[in-house]
Structures are given as structure tokens and as C-alpha cells.
Amino acid sequence: MEKKNALVCGAGGFIGSHLVKRLKDEGYWVRGVDLKYPEFSKSAADDFVQGDLRDYSTCRTALVKSNINIKEFDEVYQLAADMGGAGYIFTGVHDLDVMHNSAQINLNFSKLHPRFKKLFFSSSACVYPQDIQKDVNNPGLREEYAYPANPDSEYGWEKLFSERLYLTMQRNTGVPVRISRFHNIFGPEGTWNNGKEKAPAAMSRKVAEASNPGEIEIWGDGDQTRSFLYIDECLEGIRRLVNSDYTGPLNIGSEEMISINNLALMAADIAGKYISLKHIPGPLGVRGRNSENTLIKKVLDWAPDYPLRKGMEKTYSWIAEQVEKSK
Ligand code: NAD
């Protein structure tokens, strides 16, 4: 049987670089494309195009290349986006870039549908309305809660627009799409110190850099809650979704919600350090957010269940190593 082939857009990023490895392990021929190569290890891709996917011609080149015999990609994984953690998304200063850059990439791919048989798009929990995320005890965000829409960031609005764009592509052309709404993915080889890092990486870094006993800074009162999904389960969810017949947006997230204070204390406990928390003003996002996994269980007969603590242990150990290396 001929090898399946896949194009991974955003292959230099955190999830994309892990996804390339996963697809290679499954026997795919993989081309990666990104502005940059992966930061922390060599890409496992068979071929890597370095380029800007805001340019239509780069998207075309990534999908058509005369030196290999691929007329049509079996699967495109569109993960390229201008994004980051709360420090990047919620300050407002990057809003134009976030909306324009990511929408442009998605507009390009939605027009190139004759060049692939299926497209996966990574949307986000940030699409959900802010008014149902005001309580730290969020009971979970079901997929249907996305409308009436009122995301708390321009990043979320762009994701909602692009979900609709790809669903329109599917409806008008027959090319299938699969859409995930990721809830805070974390793990080793993710951004940890450039202002785009998410809470698990930020807490791990702060704790790793702190003395023992020591103190770290937390934005807000730290009671805000989130759930975090370990990278391996994210990849499992992507692959199961792509292989399924389900065509609507689907949560890929954990239901194990935790406050940012407790996440910081978990990192401190893993490190074996006595850490006190100093609360300072900072960008926060919604008050409480959690995945709700009824639908994923129903349509994929699977849901994430890897304990947060185990994922944090692996992540902390990788980040502590990076902190040591950077001294
Ligand atoms: P990431 O920032 O590590 O990866 C995104 C990659 O896209 C980067 O390597 C970046 O260089 C690339 N990119 C951006 N603009 C580009 C352009 N113009 N041309 C080519 N490449 C470009 O982010 P990630 O955490 O790996 O996220 C992957 C996808 O999943 C994104 O679409 C993101 O919005 C979505 N998502 C992630 C999370 C999470 O917690 N990590 C949560 C929800 C949704």
C-alpha cells in the first residue's frame, strides 16, 4: 500500500512539530511548512518548506512541488497561527497581527481545496462566549455554547471566523474538514520564555528560576481556573478526529480544572521548593474555563484522561533543564 502523505502547516511550532513526529511514527510521508524550524529539536518531516503562509504562492508551493510525485495531499493539518498565551493575546497590542495574519493563512488554504483530500483546522476554546466564563467553577464548555458568539479576544473571533470559513469550504466543495477546539495544550518543547508561553510553562519556568525558599509572581488573584491538556493526548485526539466521520467543531481538552494558584503550587511541589505567591496586575482572560467532553466521548468513543500532575512533572523537568542550560 502507498504511504499516506500529509502537509503540516505550523510544523515549526509546538503542536505542529510533535504532530510531525506522530505522523512519521504512523508511517506517513510528511512535509512541514513554517516561518521557522522547530526550536528545540530537528524536524522529523521528510521535507520542510520555510516560508510565509500569508503569501498565497507559499501555500501553493507547499501543496504543489514538482520534485516529488504528489498531485494532491491526503491530509493537510492547518495549525499555523499568530498566537501566544495571555501575555500575547489579552494585552490588545497584537490584535491586528493576530487577526490579519491567521485569517490570511486560512483564506489562502480555503481556496486551495483542489490540492488536498481533507483538512484539519486547529481552533480554540477561546471561541466560547465570555459571559459564560465568569465563574471560577465553570461546569464545562459544550460545543453548542459557542453561539450566540462573544469571544473575549480577537484571537477567538478569528478562530470562529476560520471555523466558519472551512465549514463553508466543506459545504460548497465537498472537501471534508475536521475542526478541533483545543483547550490549553502543554508539554515539553513548547514555548517557555519568549512572552508567548502559556501558564504551565510560565509557572514551571518561574519556579525553576526561583530560589528555595522563594517567591514567584502571579497575574491577578490567581483564583482564575483553566484546564490543561498534555501534548500526547492532544495528538491522539487530532488523529482520532481526522480518522472519524465527525464534521463539526469538537473540544479536545481535559476536564481537570485547576486554579492558576494551585498550578503554581503544583509546579513548586514537583520541584521540591517552598514557594510563596505574589499577586500582581496582569492580563487575565476569562475567570473560569473548562472543557466539557460529552461530545468527544460520543463521537470518538474516547476522551483525554492523563492526569495533569503527570504532564506537569514531564514539563517541569524539561523546563528546569532549559533554565539550567540558559544560565
Ligand atoms: P505555536 O505558536 O507554537 O505554533 C504556530 C506556528 O505557526 C509557529 O511555529 C509559527 O511560526 C507558525 N506561523 C505563524 N504565522 C505563520 C506564517 N505566516 N507562515 C508560516 N508559519 C506561521 O502554537 P501551538 O501552540 O503549536 O498552536 C498550534 C495551533 O493550535 C494554532 O493554530 C493555535 O491557535 C491552536 N491552539 C493552540 C492551543 C495551545 O494551547 N497551544 C490552544 C488552542 C488552539
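Computed from a predicted model, the values in this text were never measured in an experiment.

A. Representation of the domain arrangement of the protein chain. The domains assigned to the protein chain are domain 1 (5-185 + 228-252) and domain 2 (191-227 + 257-290 + 308-326). Placing the centre of domain 1 and that of domain 2 at their C-alpha centroids yields a distance of 26 Å. Opposite the 27 residues of domain 1 that make contact, domain 2 presents 32 residues. Summed over both sides, the interface between domain 1 and domain 2 buries roughly 2,400 Å², with carbon and sulfur atoms accounting for 60% of that surface. On the domain 1 side of the interface with domain 2, the three residues burying the most area are Phe 40, Val 136 and Phe 228, jointly 32% of the side's total. Linking domain 1 to domain 2 there are 2 salt bridges. For Arg 289, the salt bridge is made with Asp 152, and the minimal N-O distance between the two is 4.0 Å. Our count for the domain 1 to domain 2 interface comes out at 9 residue pairs in polar contact (both at pLDDT 80 or more). Secondary structure elements with two or more residues in the side of domain 1 that touches domain 2: α3 (86-89) and β10 (229-230).

B. Here's a closer look at the sheet that holds strand β6 (residues 177-182). Ordered by their spatial adjacency, 7 strands build an open sheet running β3-β2-β1-β4-β5-β6-β11, and the pairing between neighbours is parallel. Single-partner strands in this sheet number two, and they are β3 (47-50) and β11 (249-252). The average undirected angle you get between the axes of adjacent strands in this sheet is 20°. Relative to strand β5 (residues 119-124), strand β4 (residues 75-78) runs parallel, the two being bridged by 3 bridges. Bridging across to β5, Tyr 77 finds its partner in Phe 120. Contacting β1 (5-9), β4 and β5, helix α4 (residues 95-111) crosses the sheet at an angle of about 165° to β4.

About the cut-offs
- Residues numbered from 1 in each chain as written.
- Predicted model: local features only at pLDDT ≥ 70, side-chain atom pairs only at ≥ 80, totals over all residues.
- Heavy atoms only, no water.
- Domains from an automatic or database assignment.
- Contact = heavy atoms within 4.5 Å.
- Buried area = accessible area lost by both parts, 1.4 Å probe.
- Salt bridge = Lys/Arg side-chain N within 4 Å of Asp/Glu carboxyl O.
- Polar contact = N/O pair within 3.5 Å; in protein donor to acceptor, adjacent residues only side chain to side chain.
- Helix = DSSP H or I, 4+ residues; strand = E, 2+ residues; numbered from the N terminus.
- Pairing = 2+ DSSP bridges.
- Axes fitted to C-alpha atoms, helices over the stretch in contact; angles between N-to-C directions.

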